[in-house]
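Architecture and fold: a report
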2 protein chains.
Amino acid sequence: MLFTPTPIGFVRSDYQQTAEVPKGFGARHDAEGVLEVKPEFEPGLTDIDGFSHLFVIWMFDRSQGFELLGTPPTDTRPHGVFATRSPKRPNPIGLTVVELVRRDGCRLHVRGVDMLDDTPILDIKPYLSSVPADTLRRGWLAEAEKGQY
Amino acid sequence: MLFTPTPIGFVRSDYQQTAEVPKGFGARHDAEGVLEVKPEFEPGLTDIDGFSHLFVIWMFDRSQGFELLGTPPTDTRPHGVFATRSPKRPNPIGLTVVELVRRDGCRLHVRGVDMLDDTPILDIKPYLSSVPADTLRRGWLAEAEKGQY
């Protein structure tokens, strides 16, 4: 085994079930929530307040098994799991970019939550730089959007 | 335990040791390398060719233990581990944005590698959108840069 994943904390979110999370084109991801870091890890949050955006690495803990090919809600054609954000992945790891609204001790109030309540958090990292919009290509997703609109 | 991490493949990189990876201000991350996905996961790469950039989630397999506070190469002051990219993390998970140059079967030729050769890959996801540059704040890192230049 590579390592033993341990939760550094849990997500507090209004979403109790997958069906409640907005998906597909035009889905707004401005839901607020809290990243509740375990008190023993609080020193690890030192100076995090200065960052506007964070990467949150978390676990799809209510997903079972994986599918190498699947049809996402945004398309009618199947795509490879590594070309989608499907929860049914070989390693059930999720990644979300959130905006840090404020920190309250070991509670990070954030915007952009798409995780379910009680989701285990594996890691938090500062979001340092972006790919310039004019160099970004979004594959099948851009094609599917064109087809739809 | 949350789940048992399994490598979906390995990074092929020119970097054999941590000291070889460019770090600090002005570090260029344009090294080319290969994400060598295991043949049994190749169907999961279907349609990945259309994306210009990918998130690679990988394991710091040559790092041991963690430090909640540490001084990164870019500063003289200690910062919380979750406000840095330090390898000494509670869950030794790394995250890198790479540019997909071309796909050759289960080998993804990419640019922007900062991982060591043989690094286990946990997941690959499409990079879908960026935080606009004018809304991004980079905390202690921006301060440290100002101090230096």
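In what follows, the accompanying structure is described. Fair warning: this is a prediction, and the values are worked out from it, not measured in the lab. Position numbers for residues start from 1 in each chain and track the written sequence from start to end. Lettering for chains starts from A, numbering for ligands starts from 1, and both go in the order in which the items are written. Per-residue local features are limited, in this predicted model, to residues with pLDDT of at least 70; the limit for side-chain atom pairs, both in listing and counting, is 80 or more; totals at the level of whole chains, interfaces and linings are taken over all residues. Think of the side-chain values as coming from all heavy atoms in the structure, minus any hydrogens and water.

With respect to the interface of chain B and chain A
The test is simple: Here a residue-residue contact requires only that any non-hydrogen atoms of the pair lie within 4.5 Å. By buried area we mean how much accessible surface two parts lose on assembly, using a 1.4 Å probe and totalling the loss over both. We count a salt bridge whenever a side-chain nitrogen from Lys or Arg sits within 4 Å of a carboxyl oxygen from Asp or Glu.
Taken together, the contacts link 62 residues of chain B with 62 residues of chain A. Of the roughly 5700 Å² buried between chain B and chain A on both sides combined, carbon and sulfur atoms contribute 68%. Among the residues chain B hides against chain A, the three largest losses belong to L2(B), F3(B) and F82(B). Together they make up 14% of the total. Along the contact surface separating chain B from chain A lie two salt bridges.

Looking at the relation of the copies chain B and chain A
Defined as follows: For this overlay, a least-squares fit was computed on C-alpha atoms, restricted to residues scoring pLDDT of at least 70 in both copies.
The two copies are related by a screw operation: chain B maps onto chain A through 180 degrees of rotation and 0.0 Å of translation along the axis, at an RMSD of 0.0 Å. Each copy turns onto its partner about a two-fold axis. Among all C-alpha atoms of chain B, that of S130(B) lies closest to the rotation axis, at 2.7 Å. Here 100% of the interface residues in chain B have copies in chain A that are interface residues too; the copies meet face to matching face.

Structural notes on the packing of aromatic side chains
The description of an aromatic ring pair rests on the distance of the ring centres and on the angle between the ring planes. The cut-off we apply is this: When the centres of two rings from Phe, Tyr and Trp lie within 6.5 Å, Trp using its six-membered ring, the rings pair. Their planes under 30 degrees apart give stacked, over 60 give edge-to-face, and anything left gives tilted. Only DSSP runs of H or I with at least four residues qualify as helices, and only runs of E with at least two residues qualify as strands; both kinds are numbered from the N terminus onward. Per-residue accessibility, obtained with a 1.4 Å probe over protein chains only, is compared with the maximum for each type, and a residue is labelled buried under 20%, exposed over 50%, and partly exposed between these values.
By the definition in use, this model includes seven aromatic pairs over all chains. Between F66(A) and F41(B), the ring centres sit 6.0 Å apart and the planes meet at 55 degrees, which makes this aromatic pair tilted. Placement of the pair is F66(A) in the loop between strand 3 (53–59) and strand 4 (69–70) and F41(B) in the loop between strand 2 (32–37) and strand 3 (53–59), with the two residues belonging to separate chains. On the basis of relative accessible area, F41(B) is assigned to the buried category, the value being 8%. A centroid spacing of 4.8 Å and a plane angle of 35 degrees characterise the contact between F55(B) and Y127(B), whose relative ring orientation is tilted. Placement of the pair is F55(B) in strand 3 and Y127(B) in the loop between strand 8 (120–126) and helix 1 (139–148), with a sequence separation of 72 residues. In textbook terms, an aromatic cluster arises when at least three aromatic residues are bridged by ring pairs, as seen for F55(A), Y127(A), F55(B) and Y127(B).

Quick look at the environment of V37(A)
All names here are of chain A. Here V37 shows up in strand 2 (residues 32–37). A relative accessible area of 2% means that V37 is categorised as buried. As a C-alpha pair, V37 and I124 span 87 residues in sequence and 9.8 Å in three-dimensional space. The residues touching V37, leaving out its near neighbours within four places in the chain, are I8, G9, L45, C106 and I124.

A word on the sheet that holds strand 1 (residues 9–12) of chain A
Residue and element names in this part refer to chain A. Note the cut-off: Two strands pair if DSSP finds at least two bridges between them. Lines fitted to the C-alpha atoms define the axes, with helices restricted to the stretch that makes contact. Angles between their N-to-C directions range from 0 to 180 degrees.
The strand order around the closed barrel built from six strands is 1-2-7-6-3-8, with neighbouring strands paired in antiparallel fashion. Pairs of neighbouring strands in the sheet enclose a mean axial angle of 45 degrees, with direction left out of account. Strand direction decides the pairing type here: strand 6 (residues 93–104) and strand 7 (residues 107–111), joined by five bridges, are antiparallel. Looking across to strand 7, one finds that R102 is bridged to H109.

Let's talk about the sheet that holds strand 1 (residues 9–12) of chain B
All names here are of chain B. The six strands lie next to each other as 1-2-7-6-3-8, forming a closed barrel whose pairing is antiparallel. Neighbour-to-neighbour, the strand axes of this sheet turn through a mean angle of 45 degrees, independent of strand direction. Summarising the sheet, strand 3 and strand 8 pair through five bridges and their orientation is antiparallel. By the bridge assignment, L54 is partnered in strand 8 with P126.

Quick notes on the pairing of strand 8 (residues 120–126) of chain A
Residues and elements named next belong to chain A. Summarising burial for strand 8: seven of the seven residues are buried, a large majority. As defined by bridge partners, strand 1 adjoins strand 8 across two bridges and the pair is classed as antiparallel. Pairing of F10 across the sheet is with P120, part of strand 8.

A word on the pairing of strand 6 (residues 93–104) of chain B
Residues and elements named next belong to chain B. The pairing of strand 3 with strand 6 spans seven bridges and is classified as antiparallel. Directly across from F55, in strand 6, lies its bridge partner V97. The hairpin formed by strand 6 and strand 7 (residues 107–111) contains two residues between the paired strands, and G105 there has a positive phi angle of roughly 65 degrees.

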